[in-house]
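The lines below spell out each chain.
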Amino acid sequence: MNFRFQRRHHLRKRALFRKVYEEGRFVTNRLLAFHFLANPEGRRRVGFAAGKKLGGAVLRNRCKRRLRECYRLCQDRLPEGMDCIIVARKAMIDADWQPLLAAFQDLIRRGRAMVESSR
RNA sequence: UGAGUGGGAAAGGCGAUCGCGGCCGCACGCAUGAGGCGGUCGAGGAAAGUCCGGGCUCCAUAGGGCAGGGUGCUGGAUAACGUCCAGCGAGGGCGACCUUAGGGCCAGUGCCACAGAAAUGAAGACCGCCGGCCUUCGGGCCGGUAAGGAUGCAACGGUGCGGUAAGAGCGCACCAGCGGCCGGGUGACCGGCCGGCUAGGUAAACCCCACCCGGAGCAAGACCGAAUAGGGAAGGGAUGAAGCGGCCCGCUGAACCUUCCGGGUUGCGUCGCUAGAGCCGUCGGGCAACCGCCGGCCCAGAUAGAUGAUCGCCACCGCGCAAGCGGCACAGGACCCGGCUUAUUGAUCACUCACAGC
RNA sequence: UGGGGCGUCGCCAAGCGGUAAGGCUCUGGACUCUGACUCCAGCAUCGGUGGUUCGAAUCCAUCCGCCCCAG
């Protein structure tokens, strides 16, 4: 199994982020929000967001690192050919690792279901 | 033991598995992005706030004047500073020690509300005090007086003695202030003597004086690639466009510039980008800040932005008989340095005061 | 990251060294049979903390919060 997460799979342009937020669909729970939109090239790109509401740079970077780790460990379960954005919500700052991972997998499952039912 | 003052450091450690960024090497591959293996390096004392000062880049090689802004006891340190060091003066504390934008209101101007007789001019008499005159015995008028009362943040030196009708630097002693001389110190200033006999406060009010400051900022600036068509109208231009962001001068100096209408593109691009007022150590100079010689070291360069997750052991703190459980601050480079300020953890050293014991 | 601006009552705001205007809202009262209108009254640690001054919303320093501009 491949646990790597390379730069070319990142979603990086501000315009792309906006496109996913405005045109894509999303699911949420208490810790996270998961936005997604079909990629025209059929590739998968992932972005992570942690707004200023969460706190200073240390906290925001830490949230993004933990989200990247979540994605790294279960990237094969995500729907293929989608641009995805994982947004950290305020409750995530105090969340432990196991509940965070569970919340992440929960969102993926629900997102997948939405994608498959719409096909 | 308790309370307190000041200083210099540190910022948990080791290991395992998966994973991330830069650089170097190797082999593979080459249509292109990339990928594989090994090595090595990989956030802070404040990286923060952006409050100052520089370097660097472009505009003149950064020039002159005005305007504007900053600093403000003295001497030194420094690339420079509003920083630092050593002092002076003035406040505060029993003390260790702390605080201090601290030049000039006899260059000029302004302000000092209310209260008060009067708020700066050698002006001014509300109550009182003293003298004279008058008196209807209640007091009235004239003059002297800033010692007392009253007002105020502040009232024309303060305290004491003498003096006087009552008083007053009117006289004397000490103190404060002013001026002069002498001595010490590089200087701020300190000490002593003499003199006249007294001149409000406010410059973080305008201002004056001394010194300093050209403007922008790495989204500076340079280059490559992709895209398209560089189109139309008006105005200005060697009688000087533009650089130049407040004005004038000066300099450079060209065929462009400004406004409106219409059209079009923008990359996992490259350089700047990290070897520096650099770090560590010995010695020397200096009270110190700091400087110098020699030797050694290379210590982040990302670009949605690299350090995480899980686990084990040992530190430290709290709870508990114990097994164990919980905790372990503030906080993340973005061109780089020197400061300041703010946030914050647990220790440590020196010193001071109080109480008790020897 | 760099540059610039603003904080005065619940809301909009004036004041820029000497007692914090005004409007809307709210509360109480008057008028009315009851409401509305009208009239009267009430409602402020001037973002926080220090400093300068006799005296600070105002001047100075520092911190906090919010907004705007440049990819």
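The structure this text deals with has already been given above.
Residues numbered from 1 in each chain as written. Chains lettered and ligands numbered in written order. Predicted model: local features only at pLDDT ≥ 70, side-chain atom pairs only at ≥ 80, totals over all residues. Heavy atoms only, no water.

Applying the stated criterion across every chain yields a total of two aromatic pairs. Ring centres of Phe34 and Phe36 lie 5.4 Å apart, and the angle between their planes is 35 degrees; this geometry places the pair in the tilted category. Assessed through its relative accessible area of 2%, Phe34 is described here as buried. Ring geometry for Phe48 against Tyr71: centres 6.3 Å apart, planes inclined by 70 degrees, an arrangement best described as edge-to-face. Here Phe48 is found in strand S3 (residues 45-49), whereas its partner Tyr71 is found in helix H2 (residues 57-73), with 23 residues between them in sequence. (Phe/Tyr/Trp six-rings, centres within 6.5 Å; stacked < 30°, edge-to-face > 60°. Buried < 20%, exposed > 50% of the residue type's maximum accessible area, 1.4 Å probe, protein only. Helix = DSSP H or I, 4+ residues; strand = E, 2+ residues; numbered from the N terminus.)

Enumeration over the complete set of coordinates arrives at four salt bridges. The shortest N-O distance in the salt bridge between Arg72 and Glu69 comes to 2.7 Å. Placement of both Arg72 and Glu69 in helix H2 is noted, with a separation of three residues, approximately one turn of the helix. A relative accessible area of 26% places Arg72 in the partly exposed class. (Salt bridge = Lys/Arg side-chain N within 4 Å of Asp/Glu carboxyl O.)

Here S3 lies mainly inside the structure; five of its five residues are buried. Residue alternation in S3 divides its side chains into two sets, Arg45, Gly47 and Ala49 and Val46 and Phe48, and both sets are buried. Here S3 pairs with strand S4 (residues 82-88) via five bridges, running parallel. Within S4, the residue paired with Gly47 across the bridge is Ile85. In the classification by handedness, the crossover that spans S3, the intervening H2 and the parallel S4 is left-handed. (Pairing = 2+ DSSP bridges. Right-handed = clockwise from strand over helix to strand, strands pointing away.)

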